[in-house]
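Overview (structure and organization)
Okay, here's what each chain looks like letter by letter:
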Amino acid sequence: MDEVIQVTQWLSSITPRKKAKLFFFTTHADAPSPMVGSNDVDTHEETQLPLATTVALHNFKNIDEFLKKKVNTFSCYNVIENEITKTDYEYLRFYSACKYLDVVPPFLGLEKISAIQNKFEMTDEERDYRLLLDSADLALEKVCDSLKPAGVSQMWTALRKDRNLIRGVKTIDIIGFFVDPNPTGIKECLFFFIVRFLQKADKINRVNTSRLERLIAQCDESSSCEEGKTIDFIIDSLRFYPTELYPFGFCLIMCVIEGRDGAMQEIEKTMEISRHLGMITHTEKNPTKETIELVKKELMKPKCQFYSSFTCWFMSHGDSNSMVLADGETIEREWFLTSFPDISTFQLKPKVFFMVSCRGANKFSLKGDEFEGQSATCDYYDIGSALIRNRMLDITDSVRDISYVQPMMDTLVAYSTILDHLSGRANTHGSIYVDRACVLIGENISRGRSLTEILEHLSQDLHEILQETMDEDRIVYKQACHYDSFFRKTLKLPYTRHPKEDVHSAPQ
């Protein structure tokens, strides 16, 4: 069959709503640029003009033409072996969006998908199409689905009132002031236009969504929300880090085994809990400085930009300022923590560090006959830092900026003990901090809990456990854990334990 006819039949089989969503996912706002093979096309016009004309004319002709152009580009595309191009990214995004929406063209060259994944050096686990979807776009899709056409129309009216923001934007004028969003697919096109416009204007990104939240807050709840949804519910959904679908993120486990009883148990527990969370995991036993540098280079590879979060478990001996590596060398804890968050592939994404080591030799010891002969092995918690949300004072948009971000933002560091104190362990099971953390995380999957809620529970649980030193003094003591948070959103655990079966995205 002629390819033109195939493309036409494929487009005619897609509903208007799915066309709008496919266009939205394909015109991903954070696509890498500049890239090999990229040109000077005005991406503002490319991503917004088809949406604007579709809303204005109630006609999907321009979106159809855009999708046809994509398909034709991909059908003629020859995968270059040694360079990752802009088209490689676009091809993967387009395929994953089609797969997600169940509209994969029967004529799409899946062998090219595999060839591109090979260029990205993707493992079998990383070839799952869900990894390639942008979690922030998926979260915005859910917001759109929660709103009625009237709600999106009210957002549009509120946006049009911000004259400083819309002045001189041609696509805004194409749509006009009053919009009928009721025809099928028009609501989606208008909502996605608003989102992409705010992103291109540097008013929102995957972390900073307050400008979009303010538009939604101006909607009338009785007419704007789908059944079972409320304005508060929709806005709250934007205040979580977007970690939709599988995988939940990338997990790096670094564990010094030498001279640490129970270290292998620590590795097994952290690997098991990361699998339950639906994370793709890499383990480094007995890390050295060279190992750490090599891992950092791996995390800078282009494929890592597809991950929605990063978690690191680092387990070793240590003191107040440093951690001991497998070869006896030490590294400064502060250097380790500040070097990883600065990796560009994980910017604007939650980064969690579990630092499991002693930070000194002090002990919160317990004295008295009632404590003799009682012990376990664990940690104690300092309820130190609390996130205080910006109360949205009357601060104008002109003095707000989301373009420049301090590297430690969106990072949380969880310590197994407080400064200058021991981090206890059991002879056979390793760190009890690791043990209790894995137990509590595992118990709270599917319960809608946030990571910080679990860490607070861990603080309480851990501080109840009596420990005993292994020296001749046999001192009974308690241990305290704590965390430092630079989070700007809430990180929730996934609602499901992601199975490992449905992982392959394309034939090998």
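If you look the protein chain up in an unreviewed UniProt entry, it shows as Caspase from Penaeus japonicus.

**As for the overall build of the protein chain**
Helix and strand content of the protein chain: 20 helices and 13 strands. Once local pairs closer than 6 in sequence are excluded, the contacts in the protein chain between residues at least 24 apart make up 81%. With the model as given, the accessible surface of the protein chain reaches about 23,000 Å², and the carbon-plus-sulfur share is 49%.

**As for the state of the cysteines**
Inspection of every chain in the model, using the stated rule, returns 0 disulfides. Distance from the sulfur of C219, which forms no disulfide, to the nearest cysteine sulfur (C225) is 7.4 Å. For C219, a relative accessible area of 9% corresponds to the buried category.

**Let's talk about the packing of helix 4 (residues 61-76) against helix 5 (residues 86-101)**
Look at helix 4 against helix 5: their axes get within 11 Å of each other, and the N-to-C directions meet at 120 degrees. One finds that helix 4 runs oblique with respect to helix 5. For the element pair helix 4 and helix 5, the recorded crossing hand is left-handed. Along the contact surface, helix 4 presents L67, K70, V71 and F74, while helix 5 presents T87, E90, Y91 and F94. A per-class count over the contact of helix 4 with helix 5 returns 5 nonpolar, 1 polar and 2 charged.

**Re the packing of aromatic side chains**
Counted under the stated rule, the structure contains 26 aromatic pairs. A centroid spacing of 4.7 Å and a plane angle of 50 degrees characterise the contact between F336 and F340, whose relative ring orientation is tilted. Judged by its relative accessible area of 3%, F340 falls in the buried class. Between the aromatic rings of F336 and F353, the centroid separation amounts to 6.3 Å while the plane-to-plane angle is 85 degrees, which identifies the pairing as edge-to-face. Placement of F336 in helix 18 (residues 333-339) and of F353 in strand 6 (residues 351-356) is noted, with a sequence separation of 17 residues between them. Of the two residues, F336 and F353, both sit in the buried class. Joined through ring pairs, the aromatic side chains of F250, Y307, F310, F314, F336, F340, F346 and F353 make up one cluster. Geometry around Y415 places R359 over its ring, the cationic atom sitting 4.1 Å from the centre.

**Notes on helix 2 (residues 16-26)**
Since the α-helix turns once every 3.6 residues, residues separated by three or four places project in the same direction. Within helix 2, 8 of the 11 residues are buried, leaving the element largely enclosed by the surrounding structure. K19, A20, K21, L22, F23, F24, F25 and T26 are the residues of helix 2 that are buried.

**Focus on the packing of helix 2 against helix 4**
The contact between helix 2 and helix 4 brings their axes to 10 Å, and the two run at 50 degrees. Taken together, helix 2 and helix 4 sit at an angle that is classed as oblique. The element helix 2 and its partner helix 4 pack so that their crossing is left-handed. The segment helix 2 lies against helix 4, with K19, L22, F23 and T26 engaging I63, D64, F66, L67 and K70. Here the residues of the contact of helix 2 with helix 4 sort into 5 nonpolar, 1 polar and 3 charged.

Calculation criteria
Residues numbered from 1 in each chain as written. Predicted model: local features only at pLDDT ≥ 70, side-chain atom pairs only at ≥ 80, totals over all residues. Heavy atoms only, no water. Helix = DSSP H or I, 4+ residues; strand = E, 2+ residues; numbered from the N terminus. Contact = heavy atoms within 4.5 Å. Areas by Shrake-Rupley, 256 points an atom, 1.4 Å probe, with all protein chains shown as cover. Disulfide = S-S within 2.5 Å. Buried < 20%, exposed > 50% of the residue type's maximum accessible area, 1.4 Å probe, protein only. Axes fitted to C-alpha atoms, helices over the stretch in contact; angles between N-to-C directions. Parallel < 35°, antiparallel > 145°, perpendicular 65-115°, else oblique. Left-handed = near helix turned anticlockwise from the far one by under 90°. Nonpolar A, V, L, I, M, F, W, Y, C, P; charged D, E, K, R; others polar. Phe/Tyr/Trp six-rings, centres within 6.5 Å; stacked < 30°, edge-to-face > 60°. Lys NZ or Arg CZ within 6 Å of the ring centre and 35° of its normal.

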